[in-house]
Amino acid sequence: MANFIKISKTIEPFYRSLSIEGDKSLSIRWALLASQAKGKSTCKNILRSEDVISTLKCLKKLGINYNLKKNSCEIFGNGLNNFNYKENTILDAGNSGTLSRLILGLLVHSEKKVFLKGDKSLSKRDFLRVTEPLKKFGARFKTNSGKLPITVIGTKFPKPIKYHELKGSAQCKSSVMLAALNTKGTTFIKAKKSRTHTEILFKNLKLSIKVKKQKNFDFIKVKGGKSIRPLNYSIPSDISSCAFFIVLAALSKNSFLRIKNVNINSSRTGILEILKLMGISIEIKRKKIYKGEKVADLIIRSKETIKPINCPKKLNSAAIDEFLLIFLVSAKAKGISYFKDLSELNQKESPRLLWGAKILNKMGIKTVLTKNSIKIYGNPKIQIKKNIVIKNFLKDHRVFMSSVVAALVFGGKWKIYDKVSIKTSFPTFISKIKSLGAVVT
Ligand code: S3P
């Protein structure tokens, strides 16, 4: 089967309702926490993507049994800090930054040597951001110049730490929180704002956690050593996956889309706030709270005129996985958009700030790029006529799916490689796009 798709026709107007798969961050966190509980935890609507399957497989290698059924998943936890594995076990995190960084937090106490590896993209990413704070608990890490593969030798007597998280990375914050869970005493974290799922799950499990929110930072105290009860959960839809459809509907002509049961935790809704500033308002209906997480239906209507934005940097973290799409919206804005303080985007599955500019340039949109910012010269009349090829993007799922959206709304003849990349986070992406009427070959 060819590993590329071709699109040469914009999508016709659509009027539809959609359900999107479960949230990736929550699916991985649920599995890791369930592994530390004593007994069976069950989860409905878990995301069945490669990142989540890699999580289950890593846990299995650490002695945790699971049962992945058609509509649910069960994990049989051995209790806090009770992994059971052979010395020199090799864990493969595949493409997943979240799994690899968070699981290191759980391994801080495992004295038998473990190796952690990943795919080509993950092996280019920075791990010092987690091994440096985790070392302070007393564990030892041997990295490949700060990257994977990593050897971990945990400690029997971890000490609680004080940690200042400065990047706004939920992966770093959560990794330390998981290490703190298994460490007697209180760990203090001062963290730049980032997604809050781990804090919410800890609270839901009645673990000993205190969070004080301030303007730019959150202060988190975790007192470790408390046993964890099993966690039954039902994962709401992933706003980062919904974002492809939000932007597709907003930029397509005369279209309407309702997406049901989406996680709208405010640390994830930067895309909604940014689009609102650009003149695209998304209606939020049937709001409810599920185990501490906000959930709602989203209603999106097409928008002809789009305003440029000088994007406030305080929205960066809550929209961190959506910028490739936001850049596409800016391509159609009437004026110049500016996004700053975005060096973290180049630390993702591919250097995404660079890829954002590359895609726009191929579309004929002018950009001015620096190491941490981009200016986008929008063209409200944009209509592509030429051939565009997108390849060699380290199989970054979000580069692939954003390119598909661009092809479906702006026209041109596109050949987009590495369609297998969708398996990382959104395996049904192409079938869902087709169900809206997209012609994809
Ligand atoms: C994630 C945090 C973010 C995000 C990633 C998922 C998480 O990464 O980009 O897709 O689940 O904690 P950083 O922590 O590196 O910002």
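Source: prediction; values computed, not measured. (Residues numbered from 1 in each chain as written. Predicted model: local features only at pLDDT ≥ 70, side-chain atom pairs only at ≥ 80, totals over all residues.)

## Side note on unusual backbone geometry
Worth spelling out the cut-off: Under the scheme used here, helices are H or I runs from DSSP no shorter than 4 residues and strands are E runs no shorter than 2 residues, and both carry numbers assigned from the N terminus. Using C-beta atoms placed from the backbone, we call a residue buried if 20 or more other C-beta atoms fall within 10 Å of its own, exposed if 12 or fewer do, and partly exposed for counts in between.
In this structure, Pro-149 follows Leu-148 across a cis peptide bond, with omega equal to -5 degrees. Inspection of the secondary structure puts Pro-149 in strand 9 (residues 147–153). The phi angle at Asn-45 is positive, at roughly 55 degrees, despite the residue not being glycine. Looking at the secondary structure, you find Asn-45 in the loop between strand 3 (38–44) and helix 2 (50–61). Of the residues examined, Asn-45 has 20 C-beta atoms within 10 Å and is grouped as buried. With a phi angle near 60 degrees, Asn-392 is a residue other than glycine that sits in the positive phi range. Summarising the element assignment, Asn-392 is placed in the loop between strand 21 (384–390) and helix 11 (397–410).

## A look at the sheet that holds strand 5 (residues 72–78)
Here is the rule we go by: Here a strand pair is declared whenever DSSP counts at least two bridges between the two strands. Once C-beta atoms have been placed from the backbone, residue pairs whose C-beta atoms lie within 7 Å are recorded as contacts. Each axis is a line fitted through C-alpha atoms, and for a helix only the stretch in contact is used; angles between axes span 0 to 180 degrees, taken between their N-to-C directions.
Strands sit in the order 4-5-3-14 across an open sheet of four strands; the sheet is mixed. Both outer strands of the open sheet, strand 4 (65–68) and strand 14 (233–234), are each paired with one neighbouring strand and no more. Sheet contacts for helix 1 (residues 24–34): strand 3, strand 5 and strand 14; angle to strand 5, the most-contacted strand, approximately 35 degrees.

## Focus on the site of the ligand
As a reminder, the rule being used: Any residue whose C-beta atom, as set from the backbone, lies within 6 Å of a molecule or strand is reported as near that molecule or strand. The classification used treats Ala, Val, Leu, Ile, Met, Phe, Trp, Tyr, Cys and Pro as nonpolar, Asp, Glu, Lys and Arg as charged, and all other residues, Gly among them, as polar. Delimitation of the domains relies on an automatic or database domain assignment.
Taken together, Ser-25, Gly-97, Thr-98, Ser-169, Ala-170, Gln-171, Ser-174, Arg-195, Ile-320, Asp-321 and Glu-344 form the complete shell of residues around the ligand. In terms of residue count, the dominant contributor to the shell around the ligand is helix 5 (residues 170–181) (three residues). Its residues placed into classes, the shell around the ligand shows two nonpolar, six polar and three charged. Looking at which domains feed residues into the shell around the ligand, each of domain 1 (4–20 + 236–435) and domain 2 (24–230) gives three or more.

## Digging into the domain arrangement of the chain
Split into domains, the chain comes out as domain 1 (4–20 + 236–435) and domain 2 (24–230). Just the C-alpha atoms count here: the centres of domain 1 and domain 2 sit 29 Å apart. Of the residues belonging to the side of domain 1 that touches domain 2, the class tally is three nonpolar, nine polar and nine charged.

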